Each structure stands twice: as structure tokens, then as C-alpha cells.
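Understanding the architecture of this molecule
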Amino acid sequence: MQISAKADYAVRALAELAADAGRPLTCEAIATSQDIPFRFLKGVFRDLRQAGLVRSQRGCEGGYWLARDPAEMTLADIVLAVDGAFLTLRGERLDDLGYPGPAAGLPGVWRGLEDHVRQVLTSTALSDLVRERLAA
């Protein structure tokens, strides 16, 4: 299994915002803090803004803020905002997947795996992630 770079970067960036919610953070600051390529992160923030997970303000006092309470934002919300699905097979969604013969049961295994991933991601709020770091 692979977790996309986009999903990983999005969660890490939003964790930075959740940990320092008192002020806006610039894309540059987050990229530096998390060692994420700046140009890539700009695209990630575009997706997050379109999904309503962050808001932004331009200018010298500008940057990014969370658009929702981190306790109400799950990791599932973040992954779906940037990837559109929890799990894909060769870039395709699992919805209409079917195999002939002896492999006919395999799509059920993949869908079961997707269900488990969904359960973990929907039961983990962004605030849980940040709280774990702060408690460590």
C-alpha cells in the first residue's frame, strides 16, 4: 500500500496549522518546518482551500488558517480533499472492480481494506493527531 505524498503533506501541513492556531502561517513557513517542497505544497493548499478546510489571506499579514475546528476535521476529510479516494488500484477507484475466475474474490478483499482505512481515518480528528504530539 502507498499513501500519496499529497495526502501525507496535507495532513502534516494542517497539523502545523492546528498546533499554532493563534496566527496565520505562510506556505513557506510550513514547507520549511515540515521539509515539504514549497511548490508542491502550494498545490496541496489549493486543494485544501477548495475543499473548505483552510482559508487564506494575501499580503504581509497573510497566510493560512484552518477553516474548521481541528476537533471536527478528520484525517478522512483531508485525504479525500486531496486524493478523492481512500484507496485506488492502479489509479482507479474500487467501485466497479471485478476479476474473473479464481481471483473473483479479490475485489472484496480490496474493498475490505478500504473500509478499514476509512474507519481509521474517520475516527482520527486532526486535534487527536496534534494532541498526541503535544503529549509526547
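This text goes with the structure placed above it.
No experiment lies behind these values; they were computed from the predicted model shown.

Some remarks on unusual backbone geometry
Its identity is not glycine, yet Asp-35 carries a phi of approximately 55 degrees, on the positive side. As for its placement among the helices and strands, Asp-35 is situated in the loop between helix H2 (27–34) and helix H3 (38–50).

Some details on the packing of helix H1 (residues 5–19) against H3
Following both chains from N to C, one finds H1 and H3 inclined at 75 degrees, their axes separated by 10 Å at the closest point. The angle between H1 and H3 places the two elements in the roughly perpendicular class. On the side of H1, the interface is formed by Ala-5, Lys-6, Tyr-9, Ala-10, Ala-13, Leu-14 and Leu-17, while H3 contributes Phe-40, Leu-41, Val-44, Phe-45, Asp-47 and Leu-48. Here the residues of the contact of H1 with H3 are counted per class, giving eleven nonpolar, no polar and two charged.

Some words on the layout of surface pockets
Where empty space is left can be seen by rolling a probe of water-molecule size over the atoms. Of the voids in this model, the largest pocket is the one considered here, and its volume is about 540 Å³. As for the largest pocket, its lining consists of 22 residues, of which Met-1, Gln-2, Ile-3, Ser-4 and Phe-86 are closest to the centre. For the lining of the largest pocket, the secondary-structure elements that each account for two or more residues are H1, helix H4 (75–83) and helix H5 (106–122). With five residues, H5 is the largest single contributor of residues to the lining of the largest pocket. Of the residues assigned to the lining of the largest pocket, the class counts are 16 nonpolar, three polar and three charged. In this structure, the second largest pocket encloses a volume near 380 Å³. Along the wall of the second largest pocket there are 15 residues; nearest its centre are Cys-27, Ser-56, Gln-57, Arg-58 and Tyr-64. The set of elements that each furnish at least two residues to the lining of the second largest pocket consists of H2, H3, strand S1 (54–57) and strand S2 (63–66). The residue inventory of the lining of the second largest pocket, partitioned by class, reads four nonpolar, six polar and five charged.

Points about the nonpolar core
Judged by nonpolar contacts, the single largest core of 33 residues is most densely connected at Leu-14, Leu-17, Leu-41, Phe-45, Leu-48, Ile-78 and Leu-126. In terms of residue count, H1 provides more of this core than any other element does, nine residues in total.

Overview of H1
Turn by turn, an α-helix covers 3.6 residues, leaving residues three or four places apart pointing in a common direction. Between its first and last C-alpha atoms H1 spans 21 Å; for 15 residues at 1.5 Å apiece the expected length is 21 Å, and the two agree. All of the buried residues along H1 are Ala-7, Tyr-9, Ala-10, Val-11, Ala-13, Leu-14, Ala-15, Glu-16, Leu-17 and Ala-18.

Side note on the pattern of salt bridges
Going through the model one piece at a time under the given rule, you end up with seven salt bridges. Here Lys-6 and Asp-47 are joined by a salt bridge, their closest N and O atoms 2.7 Å apart. Taken together, the residues Lys-6 in helix H1 and Asp-47 in helix H3 connect sequence positions 41 residues apart. The buried category is assigned to Asp-47, whose relative accessible area is 15%. Put simply, Arg-118 and Asp-115 hold a salt bridge, and the shortest N to O gap is 3.1 Å. Of the two residues, Arg-118 and Asp-115 are both situated in helix H5; the distance of three residues between them amounts to about one turn of the helix.

Parameters at a glance
Throughout this document, residue positions are counted from 1 along each chain, in the order its sequence is written. Owing to the predicted nature of the model, reporting of local features is limited to residues with pLDDT of at least 70; listing and counting of side-chain atom pairs is limited to 80 or more, with chain, interface and lining totals taken over all residues. Just so you know, side-chain values use all the structure's heavy atoms and leave hydrogens and water out. Secondary structure is summarised from DSSP: a helix means a run of H or I of at least four residues, a strand means a run of E of at least two, and numbering begins at the N terminus for each. Inter-axis angles, ranging from 0 to 180 degrees, are taken between N-to-C directions of lines fitted to C-alpha atoms, where helices are fitted over the stretch in contact. Should an angle fall under 35 degrees it is taken as roughly parallel, and over 145 as roughly antiparallel, whereas 65 to 115 is taken as roughly perpendicular and any remaining angle as oblique. Only heavy atoms matter for contacts: two residues are in contact if any of them lie within 4.5 Å across the pair. Amino acid classes used here: Ala, Val, Leu, Ile, Met, Phe, Trp, Tyr, Cys and Pro are nonpolar; Asp, Glu, Lys and Arg are charged; the rest, including Gly, are polar. In this analysis, the protein atoms alone were mapped onto a 1 Å grid. Cavities are point sets where a 1.4 Å probe fits without being able to get out; pockets are open sets with protein on both sides within 12 Å along at least five of seven lines; lining residues have an atom within 4 Å of a point. Grid points are joined across faces, edges and corners, and a volume is the space filled by probe spheres set on the points. Here, nonpolar core refers to any group of buried Ala, Val, Leu, Ile, Met, Phe, Trp, Tyr and Cys residues whose side-chain atoms link them within 4.5 Å. Using a 1.4 Å probe on the protein chains alone, a residue whose accessible area is under 20% of its type maximum counts as buried, one over 50% counts as exposed, and one in between counts as partly exposed. In this analysis, the expected span of each helix is defined as 1.5 Å times one less than the number of residues it contains. Only one rule defines a salt bridge in this text: a Lys or Arg side-chain nitrogen within 4 Å of an Asp or Glu carboxyl oxygen.

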